[in-house]
Amino acid sequence: MAAGLSILVVEDDPAVASSLLPSLESAGFSCHLAPDGRTALEIMSLGARPIDVVLLDLGLPDMDGLDVCRTIRADSKVPIIMVSARGDESDRIVGLELGADDYVVKPFSQRELTARIRAVMRRAADELPPASGAGGPLVIDERTRTVLLEGQPVELTAKEFDLLAFLAQEPGVVFRRSEILEHVWDVNWYGTTKTLDVHVASLRKKLGDPSWIQAVRGVGFRFVLPDAAT
Ligand code: CA
């Protein structure tokens, strides 16, 4: 299934790159190497090579990998997997907030990395079902991944959009935390549910009203239409 997929590997350490590239290629991926952030952004903005996944080292010589992530995400939905020796939770949350799809801590096995690449590709390919219930002042367009609130665009990160679209597919229905994490992140997601709270808080803020997403204590969350509050 990996045949033809092209990966941009952003990695400044030649030793890491020279072990990573052959093993990714033997797993069937075609790889492009960017040794620094500037080259990575050039490759992405020129669009000369179609890139299916970005594997992004956070520690780069010229820029912070988090800034590279933010810049790529500003105009591309390409799946981004962050790679870092920094494994602490706050780094991971910042990375995910900036729109990274996954986060791998060094050292990792080739098998783990390949599994994660395939998982983000699967999620990118899985179109979420169209939001049926979003209505009133809120319009969620799955095809263009845009959200309008009273006609005004709401800027969401990739994960915020997925979270909103997932909850809004069935307004009023309470989704369990584990269910949400599994669908919006990954079955293998091993972060804490704090990530979910961070995203809910950010969504509420961007929607300008906390009542769109109600917390159900000890269970999870539900999306509520303003005129259907129960
Ligand atoms: Ca590095």
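Above this text sits the structure in question.
Residues numbered from 1 in each chain as written. Predicted model: local features only at pLDDT ≥ 70, side-chain atom pairs only at ≥ 80, totals over all residues. Heavy atoms only, no water.

J.: Residue-level account of the sheet that holds strand 10 (residues 213-216), with values.
T.: Either a parallel or an antiparallel arrangement is found when strands of a sheet pair, and the pairing is made through backbone hydrogen bonds. Taken in spatial order, the 3 strands make up an open sheet running 9-11-10, and their pairing is antiparallel. The open sheet has two free edges, formed respectively by strand 9 (175-176) and strand 10, since each of these has just one partner strand. Examined bridge by bridge, strand 9 and strand 11 (residues 220-223) share 2 bridges and lie antiparallel to one another. Note that in strand 11 the partner of Phe175 across the bridge is Phe221. (Pairing = 2+ DSSP bridges. Helix = DSSP H or I, 4+ residues; strand = E, 2+ residues; numbered from the N terminus.)

J.: Outline helix 1 (residues 14-26), listing residues and values.
T.: Taking 1.5 Å of rise per residue, the 13 residues of helix 1 would be expected to cover 18 Å, and the 18 Å separating its terminal C-alpha atoms lies within 8% of that figure. Where helix 1 is concerned, the buried positions are Ala17, Leu20, Leu21 and Leu24. Viewed end-on, helix 1 has its buried residues packed into an arc of 100 degrees, placing them on one side of the element. Within helix 1, the exposed residues directed more than 90 degrees away from the buried face are Ala15, Ser18 and Ser26. Its side-chain oxygen at 2.9 Å from the backbone nitrogen of Ala15, Asp13 defines the N-terminal cap of helix 1. Phi turns positive, to about 105 degrees, at Gly28, one or two residues after helix 1. (Expected span 1.5 Å × (residues − 1). Buried < 20%, exposed > 50% of the residue type's maximum accessible area, 1.4 Å probe, protein only. Arc of directions from axis to C-beta. Polar contact = N/O pair within 3.5 Å; in protein donor to acceptor, adjacent residues only side chain to side chain.)

J.: An account of the sheet that holds strand 4 (residues 80-84) is needed here, citing residue identities and associated values.
T.: A sheet is described by the order of its strands in space; here 5 strands give the open sequence 2-1-3-4-5, paired in parallel fashion. Either end of the sheet is taken by a strand with one partner, and the two such strands are strand 2 (30-34) and strand 5 (102-105). Adjacent strand axes in the sheet meet at a mean angle of 20 degrees when their direction is disregarded. As paired strands, strand 3 (residues 53-57) and strand 4 are joined by 4 bridges and run parallel to one another. (Axes fitted to C-alpha atoms, helices over the stretch in contact; angles between N-to-C directions.)

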